[in-house]
Amino acid sequence: MNPALSQLHDIHLPARISWWPPAPGWWLLFALVLLLAVVSYVLYRLRKRNHWRRFALDELTRLREQNASRQSDPRTVISELSILLRRVAVSRFPREETAALNGDNWLAFLDRSLDESTAFQSDTGRLLITIPYRPEMVVDASALSALFTLAERWLKKLPRGKK
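Every chain's residues receive numbers from 1 upward, in the order its sequence appears when written. In view of the model being predicted, local features appear only for residues whose pLDDT reaches at least 70, and side-chain atom pairs are presented and counted only at 80 or more, with totals across whole chains, interfaces and linings using the full set of residues. Based on all heavy atoms of the structure, the side-chain values leave hydrogens and waters out of the count.

(A) Focus on the nonpolar core. Leu 81, Trp 106, Phe 120, Leu 128 and Trp 154 are the most contacted members of the largest nonpolar core, which has 34 residues in total. Secondary structure is summarised from DSSP: a helix means a run of H or I of at least four residues, a strand means a run of E of at least two, and numbering begins at the N terminus for each. If you list the elements that add at least two residues to this core, you get helix H2 (51-68), helix H3 (74-92), helix H5 (103-114), helix H6 (123-130) and helix H7 (141-157). In this structure Trp 106 touches Ser 82, Leu 85, Arg 86, Ala 89, Leu 101 and Ile 129, once residues within four positions along its chain are discounted. Definition used in this section: a nonpolar core is a set of buried Ala, Val, Leu, Ile, Met, Phe, Trp, Tyr and Cys residues joined via side-chain atoms within 4.5 Å. Accessibility here uses a 1.4 Å probe with only protein chains present; expressed as a share of the type maximum, an area under 20% marks a residue as buried, one over 50% as exposed, and anything in between as partly exposed. Between two residues, a contact is recorded if the distance between any of their heavy atoms is within 4.5 Å.

See the structure below:
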């Protein structure tokens, strides 16, 4: 036997590769997935928080189109617009403040929540409280368009989030 071979030692295998700690690429992938999850959650919450506004603006658009196509009487459209504004007000503000409002008090509340002095108490806003009860009154198309614009401005100006 060769004397050099007798001096050889047994083969030592390296230790098994551990799963922890992960390689830097896995850390980056984990951070990216976590970032995407957080961004998705925040966007979902924002979208959910403003669902009422999108719904109300869609309903306002439907009323505008209904009025433009002359499918219904302008009085009916104004009544439905008034109902829409009241529904939004009752859902966004304390019910005790908004549910019992009518007439000039209702228009004053709309002006306060719009932060404008007399936008709803002007001739345009007064259509909400006069037209449904005065069948002899003629509704001007430009006044009705201005009322829709005023209602849209009010809906967009309301604060986000819960009551």
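(B) Local environment of the environment of Leu 63. Examined against the element boundaries, Leu 63 turns out to sit in helix H2. Sequence separation of Leu 63 and Val 77 is 14 residues, and the distance between their C-alpha atoms is 6.4 Å. Not counting residues within four places of it along the chain, the set of residues in contact with Leu 63 comprises Val 77, Glu 80, Leu 81, Leu 84 and Phe 148.

(C) Main features of the layout of surface pockets. Using only the protein atoms, space was sampled on a 1 Å grid; points where a 1.4 Å probe fits but cannot get out form cavities, open sets with protein on both sides within 12 Å along at least five of seven lines form pockets, and lining residues are those with an atom within 4 Å of a point. Grid points are joined across faces, edges and corners, and a volume is the space filled by probe spheres set on the points. Size it by volume and the largest pocket reaches roughly 160 Å³. Forming the walls of the largest pocket are Ser 79, Ser 82, Ile 83, Arg 86, Asn 102, Gly 103, Trp 106, Leu 128, Ile 129, Pro 132 and Tyr 133. Considering every element that reaches the lining of the largest pocket, the biggest residue donor is H3, with 4 residues. The classification used treats Ala, Val, Leu, Ile, Met, Phe, Trp, Tyr, Cys and Pro as nonpolar, Asp, Glu, Lys and Arg as charged, and all other residues, Gly among them, as polar. Split by residue class, the lining of the largest pocket holds 6 nonpolar, 4 polar and 1 charged.

(D) Broad picture of the packing of aromatic side chains. Note on aromatic pairs: the rings of Phe, Tyr and Trp (six-membered ring only in Trp) are paired at centre separations within 6.5 Å, and the planes decide the class, stacked below 30 degrees, edge-to-face beyond 60, tilted for the rest. Applying the stated criterion across every chain, the model contains 4 aromatic pairs. Ring centres of Trp 19 and Trp 20 lie 5.5 Å apart, and the angle between their planes is 65°; on these two criteria the pair is classed as edge-to-face. Here a set of aromatic residues connected by ring pairs shows up, and it is made of Trp 19, Trp 20 and Trp 27. When the ring centre of Trp 106 is taken as origin, the NZ or CZ atom of Arg 86, which lies over that ring, is 4.1 Å away. Both a distance and an angle decide whether a charge sits over a ring: NZ of Lys or CZ of Arg must be within 6 Å of the ring centre and within 35 degrees of the ring normal.

(E) Layout of the confidence of the model for the chain. pLDDT expresses, on a scale from 0 to 100, how confident the predictor is about each individual residue. Averaged over the chain, the pLDDT score is 88; the fraction of residues at 70 or greater is 97%. Summarising per-element confidence for the chain, the mean pLDDT is lowest in helix H4 (residues 95-98) (88) and highest in helix H1 (residues 24-49) (95).

(F) Representation of the pattern of salt bridges within the structure. Salt bridge criterion: a side-chain nitrogen from Lys or Arg within 4 Å of a carboxyl oxygen from Asp or Glu. Counted according to the given criterion, the structure contains 5 salt bridges. Here Glu 59 makes a salt bridge to Arg 62, at a shortest N to O gap of 2.6 Å. One end of the pair, Glu 59, and the other, Arg 62, are both in helix H2, 3 residues apart, so they sit about a helical turn from each other. Classification of Arg 62 as partly exposed rests on a relative accessible area of 35%. For Glu 152, the salt bridge is made with Arg 64, and the minimal N-O distance between the two is 3.0 Å.

(G) View of the packing of H6 against H7. Lines fitted to the C-alpha atoms define the axes, with helices restricted to the stretch that makes contact. Angles between their N-to-C directions range from 0 to 180 degrees. Their axes nearest at 8 Å, the elements H6 and H7 cross at an angle of 95°. What the angle tells us is that H6 and H7 run roughly perpendicular. For the pair formed by H6 and H7, the contact residues are Thr 124, Gly 125, Leu 127 and Leu 128 on the first element and Ala 143, Leu 144, Ala 146, Leu 147 and Leu 150 on the second. Note that the term roughly parallel is reserved for angles under 35 degrees, roughly antiparallel for angles over 145, roughly perpendicular for angles of 65 to 115, and oblique for everything else.

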